[in-house]
Protein chains: 2
Amino acid sequence: MRRTALLGTLRHPARIVPLGFLAAIAVGTGLLMLPVARAGDGAAPPLTALFTSTSAVSVTGLVTVDTGTYWTPFGQVVILVLVQAGGFGIMTGASLLGLLVARRLRLRDKMAAASESKQLALGDIRRVVVRIAAFTFAVEGAVALVLFLRFKTGYGQGWGASAWNAVYHSVSAFTNGGFSPHADSLARYVTDPLVCLPIVLAVIIGGIGFPVLADLARRRGSPAKWTVHTKLTVLATAVLLFIGFAGYLALEWDNPDTLGEYGVGGKLLPAFFSGAMPRTGGFSTIDTGALRPETLAVTDGLMFIGGGSGGTAGGVKVTTFFLLAFVIWAEVRGEPDVSVFKRRIGHTVQRQALAVALLGLACASTGTLLLLLFTDFGLDQVMFEALSAFGTVGLSTGITGDLNAAAQTVLVVLMYVGRVGTIAVATAMALRVRNRLYRYPEERPIVG
Amino acid sequence: MRRTALLGTLRHPARIVPLGFLAAIAVGTGLLMLPVARAGDGAAPPLTALFTSTSAVSVTGLVTVDTGTYWTPFGQVVILVLVQAGGFGIMTGASLLGLLVARRLRLRDKMAAASESKQLALGDIRRVVVRIAAFTFAVEGAVALVLFLRFKTGYGQGWGASAWNAVYHSVSAFTNGGFSPHADSLARYVTDPLVCLPIVLAVIIGGIGFPVLADLARRRGSPAKWTVHTKLTVLATAVLLFIGFAGYLALEWDNPDTLGEYGVGGKLLPAFFSGAMPRTGGFSTIDTGALRPETLAVTDGLMFIGGGSGGTAGGVKVTTFFLLAFVIWAEVRGEPDVSVFKRRIGHTVQRQALAVALLGLACASTGTLLLLLFTDFGLDQVMFEALSAFGTVGLSTGITGDLNAAAQTVLVVLMYVGRVGTIAVATAMALRVRNRLYRYPEERPIVG
Ligand SMILES: [K+]
Ligand SMILES: [K+]
C-alpha cells in the first residue's frame, strides 16, 4: 500500500526535484526574513532573503549582501543548512532519478547512473540516501578537521571561531556552495596550501558526482572496467582542471592585481585554486574583478561546462560537453557511429546532450541580454555574472551587490533553472517516451 | 575522357571550394599590392592587401582602410570583381556540391539541394552555372538601375558617379559583400527608402540561397509543395527579419546617437534596414559603434545565425539553427522522431546541424578570446568583430582599422573559415561515409 502511494508520487519524478527545490527556497526565504536572522535593524527585505535563499539552496554562493556581517549567526546557520540541504538534495535526487529511469526503461545493459539497477527495489532507495549521507559527512568531517587544526594553530583563532570557520567552509566546499563568512571569500588564505588544498579537494570530490564516486569505490583498481560515464568524467575533470590551472597561470602571470605579486613558485597555488573554482566551487583567493578580460572569458567557458553529473556541480556538465565533442569528431571523420572508449553512444543520448547544451546556451544568453538591458555594466561583467548564476558557480566581478531588483530577479531565475533545469529536462526526456503510430517520410534539409 | 578527368577532380569536391577561395584570395592580394591599386604613395602593405582581398572574396566587407580613399578606382574595381567572384563562387559551388552529393548518395527521395538530381548529368553543371549567372545579373541589373535613377535625380550626382555608385552598391548588396566606396557606408541615405529598400531587397534575395530561389521559381504558386528546406528557410528568414526589425526599433528607440533623432515614422526604415543587415549584408545607415550593448548582443546572435544555405549569406545558416530548435523541441516533448513540416529529419542531418553549429561556436569563441588577448578593446566590441568576421557580415563598432597585425590575422582566418568552413565540413561529412565492420556495444552516459 505504502509502496503504491510512493510509486504514484514518483510517477512524474521529473517534478520532484523542481518542486523540492522551490519548497526549500520558500522555507529558506521565510527563515531569512525573520528579524532574528538579520544583524542590523529590522528584517531583511523579501528580495534579499529570496536571493540569498536561492543562492544557498542552489549551492551557487552569489551574494548581494555580505554573509558575515549582514546576517546574524542564526541567519548564517540557516544559510549553511540550506546549502547542505541543497547539495544533499542534488546528489540524492540525481542518484534516485537515475535509478528510477533505469527501472522504467528496463535496460538490460548496465547504466552509468545505476549499475546495480538490475537488483534495484524501492527499498534500496533508503540505502542510497544513507550511503550518500555517510559519504558527505565523512568528507566534510575530514576537511573540517584539517581546517580546524590549521585555523587554530596557524591563525590564532579561538576554539569556537576555528570550529565555526572550519565547518562552514568544509560544508560550503563539498557542496560547492561557495558561501563564506568572510567578505573577501578566502583571499586571506591565498598562499596557504593547508587551507586551499583541502578546500579544493572537497570541491572537486563534491563536484565529480556520486555515480562516478560509487563506480570508483566499487572498481577502484581496474579503470578498464569503469563505465563510460566514469571514464569520461574523470578524463574531463583532469583536462578541465589543467586548462583552468594553465589558463590562470598564463593569462594572469604578470597581472599586478592578481598573480603578479607572487614569485614563480607562489603563483602555482592560487592559479590551481582559481582554475578549479569555476567548476563550480565559487570560492576565490584572488580578486575576480581584477582578472583580465581574457581570463574572464576562459572562466566563462569553464563555468558553462561545470562539473560532473549527479554531483553538486552546476553547468551543462562535463559529460555533456565531451560527448558533444565526440559527436563532432565522428561527424568530421565521417563515422556513422559515435564511439567513446570503445562504446557506442546512441542517438537518444546524443540528442539529450545536444538539448542540454543548447538549452543551457539559450538560458545563459537570455540572462546576459536581460542583465545588459537592466543594468549599465559591460558585457564582460554581466556575461560572467549570468554564467556564474546559471552554472551555480558563485564567482562575481563584484557587481552582484549593485544590481537592481530586476537584475537580481534574473539571477534568481538563472540560479534556479541552472540548478534544477537541466536535470529536470534531461530526466523528463528520458522518461516520457511517446510513440507515434505513424512516421513522416524523411527529408534532408541543407545545413551549414 | 574529359568526363573521367572531371570526375577525378571532383572525387574530393569538398576540397574544391576551400582551395578555390584560397586561390582567389591570393590573386586578389597580389593585385591589391600593385602600386596602381593604392591611391597614396607606394604599394599597399601585404597584410592590408590580404585583409582586403579576404574580406572581398569572402563577401564580408570588414575594412582596415577606407575603400573609397585608400584604393584607386582600379583597386576598387579589383575589390568589386573579387566580391562578385566570391559571391558567385559560393552560390555555384554550393549548388554544384549539392548536386554531387545527391549523385553520390544515390538518394531516391528528392533532395532540397537538388530536386532535379534524378535526371542530373555532369553536363547539367553548365546549365546551373549559366542559370545562376543570369539570375545574379538580372537582380543586380534591376537594383543598379533603380539606384542609378535615384542617385542621378535625387542627389545630383553626375552620370558617371551615379552609375559607379549604383553598380558598386547593387553588386555589393546582392553578393552580401557589404563594401561601399563611402567611408560611412550608407549613412547618407538613412531616410531614403528608394535607396535603402532596393539594397535591402537585394541583400535578402542574395542571402536566401539559390536552392530556395530555384524551388520558389519552380513552385511559386503552391507553398504546400515546397521542400522542407525551402519552407524552413522562408519561415526562418521572415522570423529573423522581424526579430531584427523589432529588436532595433525597441532597443534603439530613444538612443540619441542612432534612432532617437528620428520621429516615430522615421525610425521604421533605419530599424528595418539595420535589422536586416546582420544576415549578412553588412551595410549600415546608423552608427554601429553607437548602438547600445543589448543591441550589439542581439546583433551578435543574428550574425551567428546568418542567412540561407547555398547563398551568399554567412553564419551557421538559418536551417541549421531552426533544425536544432526542432530537435530540442522533440527532445523536450519526448518524441522519438524529429518532425518538421510533416517530414522526419534523420539522425544524419541532425548530427550535421549539431556539428556545424558547435564548430561555429568554437570558432567564434576562439576568435573572440584571441582578439581579447591581442587587443585592449572590451568584450562587447571584440565579440561583435569576431562574429561579424566569422559570419562574413562586415559590420563593426569601428575598431577594425585600429587592430594590430595579430588581431587582423585572426579576422582573416575567421573570414576564410566562416566562408568556406561550414560548407566544406558539411560536405565532407555528407560524402565521406565510412563503414566500420564492427559496432561497439551501446552505453548511456548521464548528460546534464
Ligand atoms: K557554487
Ligand atoms: K557581408
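Since this is a predicted model, take the numbers as computed values, not measurements. (Residues numbered from 1 in each chain as written. Chains lettered and ligands numbered in written order. Predicted model: local features only at pLDDT ≥ 70, side-chain atom pairs only at ≥ 80, totals over all residues. Heavy atoms only, no water.)

### A look at the packing of aromatic side chains
All names here are of chain A. Tallied over the full model, the rule gives 22 aromatic pairs over all chains. Consider the rings of F135 and F210, whose centres lie 6.2 Å apart with planes at 70°: the pair is edge-to-face. On the criterion of sequence distance, the pair formed by F135 in helix α6 (residues 124–154) and F210 in helix α9 (residues 210–218) is long-range, its members being 75 residues apart. According to the relative accessible area criterion, F135 is partly exposed, its value standing at 29%. (Phe/Tyr/Trp six-rings, centres within 6.5 Å; stacked < 30°, edge-to-face > 60°. Helix = DSSP H or I, 4+ residues; strand = E, 2+ residues; numbered from the N terminus. Buried < 20%, exposed > 50% of the residue type's maximum accessible area, 1.4 Å probe, protein only.)

### Observations regarding the side chain of T64 of chain B
For T64 of chain B, the position within the fold is in the loop between α3 (46–57) and α4 (67–70). Aside from chain neighbours lying at most four places away, what touches T64 of chain B is T48, F51, T400, G401 and Q408 of chain B. (Contact = heavy atoms within 4.5 Å.)

### Observations regarding the coordination of the potassium ion (ligand 1)
Residues and elements named next belong to chain A. The potassium ion (ligand 1) binds to the protein through V59 (O), T60 (O), N176 (O), T280 (O), T392 (O) and V393 (O), with metal-donor distances spanning 2.4 to 2.8 Å. One way to put it: the six donor atoms around the potassium ion (ligand 1) meet at angles of 64 to 156°, and that makes the site irregular. Between the donor residues of the potassium ion (ligand 1), the gaps in sequence give the motif V-T-x115-N-x103-T-x111-T-V. In this pair, V59 is assigned in the loop between α3 (46–57) and α4 (67–70) and T280 in the loop between α11 (268–276) and α12 (293–305), connecting sequence segments 221 residues apart. (Donors = N, O, S within 2.8 Å, 3.2 Å for Na, K, Ca; no water. Tetrahedral: all angles 85-135°; square planar, octahedral: opposite > 155°, others 65-115°.)

### Notes on helix α11 (residues 268–276) of chain B
Because an α-helix completes one turn every 3.6 residues, residues spaced three or four positions apart along the sequence face the same direction. Across the nine residues that make up α11 of chain B, a large majority, seven, are buried. Every buried residue of α11 of chain B is accounted for by L269, P270, A271, F273, S274, G275 and A276 of chain B.

### Quick notes on the coordination of the potassium ion (ligand 2)
All names here are of chain B. Coordination of the potassium ion (ligand 2) by the protein involves V59 (O), T60 (O), N176 (O), T280 (O), T392 (O) and V393 (O), with metal-donor separations of 2.4 to 2.8 Å. For the potassium ion (ligand 2), the six donor atoms in the first shell make angles of 64 to 154° at the metal, so the coordination geometry reads as irregular. As a motif over one chain, the donors of the potassium ion (ligand 2) read V-T-x115-N-x103-T-x111-T-V. Of this pair, V59 sits in the loop between α3 and α4 while V393 sits in the loop between α15 (379–390) and α16 (405–431), placing them 334 residues apart in sequence. Judged by relative accessible area, V59 falls into the buried class, the value being 0%.

### Brief notes about unusual backbone geometry
Residue and element names in this part refer to chain A. Residue R279 is joined to T280 through a cis peptide bond whose omega torsion reads -20°. Residues other than glycine seldom take positive phi values, yet F341 does so here, at roughly 50°. In this fold, F341 is placed in the loop between β1 (338–340) and β2 (343–345). With a phi angle near 60°, K342 is a residue other than glycine that sits in the positive phi range. When its relative accessible area of 56% is taken as the criterion, K342 is described as exposed.

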